[in-house]
Amino acid sequence: RRKSASLRLTKIEATETGFPRCDRSHINFYPTHTGKYWTRCLRGFVSYGKMSDIGDWFKSIPFITRYWFTGSIVVPLIGKLGLISPVYLVLWPEAFFHKFQIWRPISSTLYFPVGPGTGFLYLVNLYFLYQYSTRLETGAFDGRPADYIFMLLFNWICVVVSFKTEGIMMLLMIPLIMSVLYVWAQLNREMIVSFWFGTRFKACYLPWVILGFNYIIGGSIVNDLIGNLVGHLYFFLMFKYPMDLGGRCFLSTPQFLYRWFPSRRGGVSGFGVPPSRRPMPQEQAGGGGGGGGGAGGGRHNWGQGFRLGDD
């Protein structure tokens, strides 16, 4: 009886400290069952630690990447288990335009047919999604979730439009992932990255190396190529043309995205920053600020002003 009471006390103390509770209905607190009791407790502690590590890792994923990563796991799992037929998850133009199945552009972005011949390709691209979307969201777009969502929306729309022109592409997961990877590679073009078999090269070549790699392991070169072209289009219109070539900015984040996803300060920045803006010829000719004469093309120096009524 004393041993039974001590076991009950131990169980209550362990529960109050936050450890997993052993199932009381399946345990007889007698000396002959002491070994089974502690075996179950130890199994609960180990499983609790594993779940805690997975939970902490999942919470450490940035906000936008976390939802994208989760959707890219849940939707293929739904199709694999047969809860929803994969026919309703791919992008089919006739069903989208004529049957008003408007969810197809979104579901085809998250769905990938997982099987014996495509499982490795799916895992590789899922790793690319987690790795480079996380780096981009915590790097160049750190503290600016609205700008990052706008980039994803722009790339997604371009990928959907390219599907309409390229009639063979029905899955949009790989093109969107490759477009994000391309933007990261351009913002970190001088960084040395490592790939399989110890190969090392500059990050600007990474999208094209992955294109060849996916082609070798059975992927479609069309999907990767469209993703690279879409990523280049965004990078050129957002960074290259207005900052390096002095042109106008054709892309700007809508204000409603800033209201829904306000910018924040702080955080850990890294993994590349947007290129610095190159001064325009008019600014160079104007001397950068206060003045220059009219012959120099700069602004006129109006001199010091006086308040009305002063001596």
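Residues numbered from 1 in each chain as written. Predicted model: local features only at pLDDT ≥ 70, side-chain atom pairs only at ≥ 80, totals over all residues. Heavy atoms only, no water.

### Topic: the side chain of Q101
To keep it simple, the criterion reads: Only DSSP runs of H or I reaching four residues or more are called helices, and only runs of E reaching two or more are called strands; each is numbered from the N terminus. Three labels apply to residues, based on accessible area from a 1.4 Å probe with only protein chains included: buried if under 20% of the type maximum, exposed if over 50%, partly exposed otherwise in between. As used in this structure description, the phrase polar contact means that two N or O atoms lie within 3.5 Å; if the pair is within protein, one of them must be able to donate a hydrogen and the other to accept it, and residues adjacent in sequence are counted only when both atoms belong to side chains. The contact definition used throughout considers only heavy atoms, calling two residues in contact when any of these lie within 4.5 Å.
Following the sequence through the fold, Q101 ends up in the loop between helix 4 (93–98) and helix 5 (104–110). On the accessibility criterion, Q101 (11% relative accessible area) is buried. For Q101, the side chain forms a polar contact with the side chain of R104, separated by 2.5 Å. Apart from residues lying up to four places away in sequence, Q101 is in contact with Y88, A95 and F96.

### Some remarks on the pattern of salt bridges
Rule in force here: Within this document, salt bridges are pairs made up of a side-chain nitrogen of Lys or Arg and a carboxyl oxygen of Asp or Glu, the two lying within 4 Å of each other.
Inspection of the entire model under this criterion finds two salt bridges. Residues D147 and R144 are paired through a salt bridge, measuring 2.6 Å at the closest nitrogen-oxygen approach. Of the residues examined, D147 reaches a relative accessible area of 9% and is grouped as buried. E190 is the partner of K202 in a salt bridge, and the nearest nitrogen-oxygen pair spans 3.1 Å. A residue pair is termed long-range when its members are at least 10 positions apart, and K202 in strand 2 (residues 200–202) and E190 in the loop between helix 8 (173–187) and strand 1 (192–194) qualify at twelve residues.

### Here we look at the UniProt feature "transmembrane region" (unreviewed entry) in the chain
Put simply, the rule is: UniProt positions are given in the numbering used here, feature names are shortened, and annotations may be inferred rather than shown by experiment.
Per the UniProt record, the feature "transmembrane region" (unreviewed entry) sits at residues 67–90, 110–133, 145–162, 168–185 and 205–226. For residues 67–90, the end-to-end C-alpha separation is 20 Å, with 62% helix and 0% strand making up the annotated structure. The distance separating the terminal C-alpha atoms of residues 110–133 is 15 Å; by composition the span is 67% helix and 0% strand.

### As for helix 3 (residues 63–81)
So the rule is basically this: To estimate how far a helix should extend, the number of its residues minus one is multiplied by 1.5 Å.
Taking 1.5 Å as the rise per residue, helix 3 with 19 residues should run 27 Å; its terminal C-alpha atoms sit 27 Å apart, in good agreement. Downstream of helix 3 by one or two residues, G82 has phi in the positive range, about 80°.

### Remarks on the environment of F235
Considering the arrangement of structural elements, one finds F235 in helix 10 (residues 221–244). A relative accessible area of 9% means that F235 is categorised as buried. For the pair F235 and S179, spaced 56 residues apart in sequence, the C-alpha separation works out to 9.7 Å. Those residues in contact with F235 that lie beyond four places of it in its chain are Q186, L187 and K240.

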